[in-house]
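Structural overview for review
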Amino acid sequence: MKNLFFVVAMYAALFLSSCSNSSDEINDDIQSLSQGDFISDQMAKLHDAGFDTSKLELSHDHFVYDGDMLIGFDDVEEVGFHSVSDMIFGDNSRVKQRIYGNGVPRHLVDDVKIYVNSDVPTKWKNATNRAISKWNALNQGNSKIKITLTSSSSSAHIRVQKYYSDNNVLANAYSATSTKIGSPISVNTKYNHWTEDGLTTVMMHELGHCFGLAHTNDNSETLLAGTPASDSQSIMNSSTGNSYRPFSFYDKKAVEILYPKASSSINLSISGPSSYRVVSGRNYHAEWILSIGANSEAPYEITWYTRTGSTWVEYSSAKNSTTIDNQQFPRVSYSIDIKAVVKDKNNKTGEIIKSNIRAN
């Protein structure tokens, strides 16, 4: 949640900030949340994972953490952030930028699709487009994140929707988990009067939550090694004005640490048909062949994935094979994406996607 507050100096300025409560209010909130065994158990798990329970608010089927990060009850088991620093750095270095959750699995972020509901106001749509462009610009460096808009809600990883509330929350987003990208992002139409620059900054920030980034200025979150003790320019700070704010140098560094491009990836290609026949519930045989470049060394670990919606599913029958066929594909008319992920003898990796293979 991005909260609005006024600072009076020589003029009044509008900012975004996270909630603050008195200690008595926090204790009352915790007591009310703990009335049911289920809620108490969920809060205990989040506390054990390192979350500051004073920043938790209870909603219908989820928690709101630090204002604009939403955690579904079903996702509590998968949201825990202590293992991130251990996994990536082998220590618990307490330096910024900040993260929560385990980050999104890296093979998911190179083809992220966003669907914007048709009733979202034009200014918010434009801000979403601009935010996508800013995130994709990081891909020109050492980050592998790549985002596109989709016209299909069923294939989207992130959905943008509107709501109205007469409070001081501009937008919120569900948190990333160890298995999926956070979704949806909800934008508050009360703030349609904000400039497109300001709303672009908000959408850049909320997308950060979808990828596992927390508020940079929140001392309770896990901290990424290689970033400084403070960063007043970070897009992930919980306060900002109604203007455009670019990614800071250390925002970019944090994303590159979490989602790096392979330093020297294996050259891969997939050959095979762009469609195949389905007749009377039967898939007529078709297959696709993976070619592995000479800039690698056998033996290889090969994992195939398929996707008909927004989620990649491992195609276990083709494990460590350079060929995948359609015999285990759903026997209906639809389109499917396939992906091969390869690791060689020297742990060099590569991956390739063939999209929109149609069943006719």
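Look above for the structure.
Heads up: these notes are all about the structure in this document.

What counts as what
- Residues numbered from 1 in each chain as written.
- Predicted model: local features only at pLDDT ≥ 70, side-chain atom pairs only at ≥ 80, totals over all residues.
- Heavy atoms only, no water.
- Helix = DSSP H or I, 4+ residues; strand = E, 2+ residues; numbered from the N terminus.
- Buried < 20%, exposed > 50% of the residue type's maximum accessible area, 1.4 Å probe, protein only.
- Core = buried A, V, L, I, M, F, W, Y, C linked by side-chain atoms within 4.5 Å.
- Expected span 1.5 Å × (residues − 1).
- Arc of directions from axis to C-beta.
- Salt bridge = Lys/Arg side-chain N within 4 Å of Asp/Glu carboxyl O.
- 1 Å grid on protein atoms, 1.4 Å probe; cavity = no way out; pocket = protein on both sides within 12 Å on 5 of 7 lines; lining within 4 Å.
- Points joined across faces, edges and corners; volume = space filled by probe spheres on them.
- Nonpolar A, V, L, I, M, F, W, Y, C, P; charged D, E, K, R; others polar.
- Pairing = 2+ DSSP bridges.
- Contact = heavy atoms within 4.5 Å.
- Phe/Tyr/Trp six-rings, centres within 6.5 Å; stacked < 30°, edge-to-face > 60°.
- Lys NZ or Arg CZ within 6 Å of the ring centre and 35° of its normal.

**Thoughts on the overall build of the chain**
- Along the chain, the regular secondary structure elements total 6 helices and 22 strands.
- Within the chain, buried positions represent 49% of all 360 residues.

**As for the nonpolar core**
- By size, the foremost hydrophobic cluster in this structure holds 45 residues, and its most contacted members are Trp135, Ile185 and Phe211.
- Secondary structure elements with two or more residues in this core: strand 7 (112-116), helix 4 (122-137), strand 9 (158-163), strand 10 (171-174), strand 11 (185-188), helix 5 (196-210) and helix 6 (249-258).
- Counting residues per element, this core draws most heavily on helix 5, which supplies 6 residues.
- Core analysis: the next-biggest nonpolar cluster, separate from the first, contains 22 residues, Val278, Ile302, Phe329 and Ile336 among them.

**Side note on helix 2 (residues 37-48)**
- Here helix 2 contains 12 residues, and its C-alpha end-to-end distance of 16 Å stays within 8% of the 16 Å for a straight helix at 1.5 Å per residue.
- Turning to helix 2, its buried residues number three or more, namely Ile39, Gln42, Met43 and Leu46. Considered in projection along helix 2, the buried side chains sweep an arc of 95 degrees and stay on one side of the axis. Of the exposed residues in helix 2, those oriented more than 90 degrees away from the buried face are Asp37 and Asp48.
- Residue Gly50 follows helix 2 closely and has a positive phi angle near 110 degrees.

**Focus: the pattern of salt bridges**
- Considering all chains together, one arrives at 10 salt bridges under this definition.
- With a closest N to O distance of 3.2 Å, Asp166 and Lys190 form a salt bridge. Here Asp166, found in the loop between strand 9 and strand 10, pairs with Lys190, found in the loop between strand 11 and helix 5; they are 24 residues apart in sequence, far enough to count as distant.
- Here Lys345 and Glu297 are joined by a salt bridge, their closest N and O atoms 3.5 Å apart. Here Lys345 is found in the loop between strand 21 (335-343) and strand 22 (349-359), whereas its partner Glu297 is found in the loop between strand 17 (287-292) and strand 18 (301-307), with 48 residues between them in sequence.
- Its relative accessible area of 52% is what places Lys345 among the exposed residues.
- Given a relative accessible area of 35%, Glu297 falls into the partly exposed group.
- The network of salt bridges with common partners includes Asp111, Lys113, Arg307 and Asp337.

**A closer look at the layout of surface pockets**
- Put simply, the second largest pocket is a space of about 370 Å³.
- Lining the second largest pocket are 20 residues; nearest its centre among them are His157, Lys180, Ile181, Ser183 and Ser310.
- Of the residues belonging to the lining of the second largest pocket, the class tally is 6 nonpolar, 10 polar and 4 charged.

**Topic: the pairing of strand 11**
- With burial as the criterion, each face of strand 11 is covered, one bearing Ile185 and Val187 and the other bearing Ser186 and Asn188.
- Here strand 10 pairs with strand 11 via 3 bridges, running antiparallel. Within strand 11, the residue paired with Asn172 across the bridge is Ser186.

**Focus on the sheet that holds strand 19 (residues 313-314)**
- Strands sit in the order 14-22-21-18-19 across an open sheet of 5 strands; the sheet is mixed. Either end of the sheet is taken by a strand with one partner, and the two such strands are strand 14 (275-276) and strand 19.
- With 2 bridges joining them, strand 14 and strand 22 adopt parallel strand pairing. The residue of strand 22 that forms the bridge with Tyr276 is Ala359.

**Side note on the environment of Asn267**
- Its place among the elements puts Asn267 in the loop between helix 6 and strand 13 (268-271).
- Between the C-alpha atom of Asn267 and that of Val342, which follows or precedes it by 75 residues, the distance is 9.9 Å.
- Ignoring anything within four residues of it in the chain, the contact list for Asn267 reads Ser291, Ile292, Gly293 and Asn295.

**Concerning helix 6**
- Inspection of helix 6 places Asp251, Ala254, Val255, Ile257 and Leu258 among the buried residues, and these make up the whole buried set. Along helix 6, the residues classed as buried sweep out an arc of 160 degrees about the axis, all on the same side.

**A few points about the packing of aromatic side chains**
- Applying the stated criterion to the full structure yields 10 aromatic pairs.
- The ring of Tyr284 carries the charged tip of Arg277 above its face, separated from the ring centre by 4.8 Å.
- Positioned over the ring face of Tyr305 is Lys339, at 5.7 Å from the centre of the ring.

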